[in-house]
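Chain by chain, the residues run as shown.
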Amino acid sequence: MKLSQFKFDLPDNLVAKKPAHFRDEAKLMVLHKETGEVEHRIFKDILDYFQKDDTFVFNNTRVFPARLYGNKEKTGARIEVFLLRELNEQQRLWDVLVDPARKIRIGNKLYFGKDDSMVAEVIDNTTSRGRTLRFLFDGSHDEFKKQLFDLGETPIPKYMEREAIPEDAERYQTLFAEVEGAVVAPAAGLHFSRELLKRIEIKDVRKAFLTVHNGLGNYRDIEVEDLTKHKMDSEQMAIDAECCQIVNKAYDMGRQICAVGTSVLRAMETAASTDKHLKEYEGWTNRFIFPPYEFQIATSLISNFSHPYSTLLMMQAAFGGYENVMEAYKKAIKHKYHFGGYGDALLII
């Protein structure tokens, strides 16, 4: 398929800048992939579509406060530093993005905190905006991480066009976030409230958890018209034996297996065996899914409404059918659904 086939006009006022008042009260569109029929619901109604022994598969990654602001030595220029991942624990090496990048060269020092309590030195250029920083800190690794994260803020996406506020530390995080490592929240999971998670238990719907550390690759512009030539950024993922046992039991029973988020869907496809069972996996995935594609395990998908040209939209179109999904997006705009990480949800079933 071509990139231009995923174009649509998204009014700016439909991009969610803040979360719904309650997690489970965002709007929910339900798309029946066999018929193309669409229903308009509220997210808390989602259990109407699932029965005993059906299974939700969640991403339990935890977002860390990845966005910092520092000052460049001598000039005092304000520099945004976006932490991507820790490269070496002992040497305090981090892979980061810097903005404005043109001002930051190897050998420069950056100072963070009101009293310049944290210092980092640029030791490598990795991409046009990418740098490797060595943080200069005397103390244990736990003390270092605590001080570093105290200086950081919740990395809400740039399209929200605002600074992070204290509320984001809670709301840009799922209630089941456990394994630290993401810089982008698994948005579909943000809709699950404590009440809804309890109702899942009461209804005997199963829960399984895997880990995908969502990176910035989902926001990266695709620069080729021919989608077969696009390469996805790799994301770290892990699927343990317990998750496999729960999912494979549901598969063998012929029950619904719902991927809560495109990150979960991609992880399950990465770790699917030839007999359409989920196998244990620890490593990285750069799988790029777009139509046409035959999925192995998941029977339904929960995802937020995404931006034009995004890889998330392409994965939804692969799962629900290109025409079905693009028509659903037209209806979402007509009915004023909100898009993005804090936006409304789409259930494809």
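Scroll up to find the structure this text is about.
Throughout this document, residue positions are counted from 1 along each chain, in the order its sequence is written. Selection of residues for local features in this predicted model requires a pLDDT of at least 70, selection of side-chain atom pairs for listing and counting requires 80 or more, and totals for whole chains, interfaces and linings are taken over all residues. Calculation of side-chain values draws on the structure's entire complement of heavy atoms; hydrogens and water are dropped beforehand.

Draft legend 1. Representation of the sheet that holds strand E7 (residues 93-99) in the model. Here the rule is simple: two strands pair whenever DSSP picks up at least two bridges between them. In DSSP terms, a helix is any run of H or I states spanning at least four residues, a strand is any run of E spanning at least two, and both are numbered starting from the N terminus. The sheet built from six strands closes into a barrel, its strands ordered E5-E6-E7-E10-E9-E8 with antiparallel pairing. Pairs of neighbouring strands in the sheet enclose a mean axial angle of 45°, with direction left out of account. Here strand E8 (residues 109-112) pairs with strand E9 (residues 118-125) via four bridges, running antiparallel. In the sheet register, lysine 109 faces E9, and the bridge partner there is glutamate 121. Lines fitted to C-alpha atoms define the axes, with helix axes restricted to the stretch in contact, and inter-axis angles between N-to-C directions lie between 0 and 180 degrees.

Draft legend 2. View of the pattern of salt bridges. By salt bridge we mean one thing: a side-chain nitrogen of Lys or Arg within 4 Å of a carboxyl oxygen of Asp or Glu. Scanning the model with the defined rule gives 21 salt bridges in all. Among the ionic pairs, arginine 41 bridges to aspartate 45, the shortest N-O distance being 3.4 Å. Working definition: with a 1.4 Å probe on protein chains only, accessible area under 20% of the residue-type maximum means buried, over 50% means exposed, and in between means partly exposed. According to the relative accessible area criterion, arginine 41 is partly exposed, its value standing at 24%. Between glutamate 201 and lysine 198 there is a salt bridge, and its shortest N-O distance comes to 3.6 Å. Pair noted here: glutamate 201 and lysine 198 are both in helix H3 (residues 194-202), with a separation of three residues, about one helical turn. The exposure class assigned to glutamate 201 is partly exposed, which follows from its relative accessible area of 44%. Several salt bridges share partner residues, and in doing so they unite Glu39, Arg41, Asp45 and Asp48 into one network.

Draft legend 3. Layout of the sheet that holds strand E12 (residues 206-212). Strand order across the open sheet formed by nine strands is E2-E1-E17-E16-E14-E3-E12-E13-E15, with mixed pairing between neighbours. Of all the strands in the sheet, the pair left with one neighbour each is strand E2 (38-42) and strand E15 (281-285). Direction aside, the axes of adjacent strands within the sheet are offset by 25° on average. By the convention used here, residues are in contact when the closest approach between their heavy atoms is within 4.5 Å. Contacting strand E16 (300-304) and strand E17 (345-348), helix H6 (residues 311-320) crosses the sheet at an angle of about 155° to E16.

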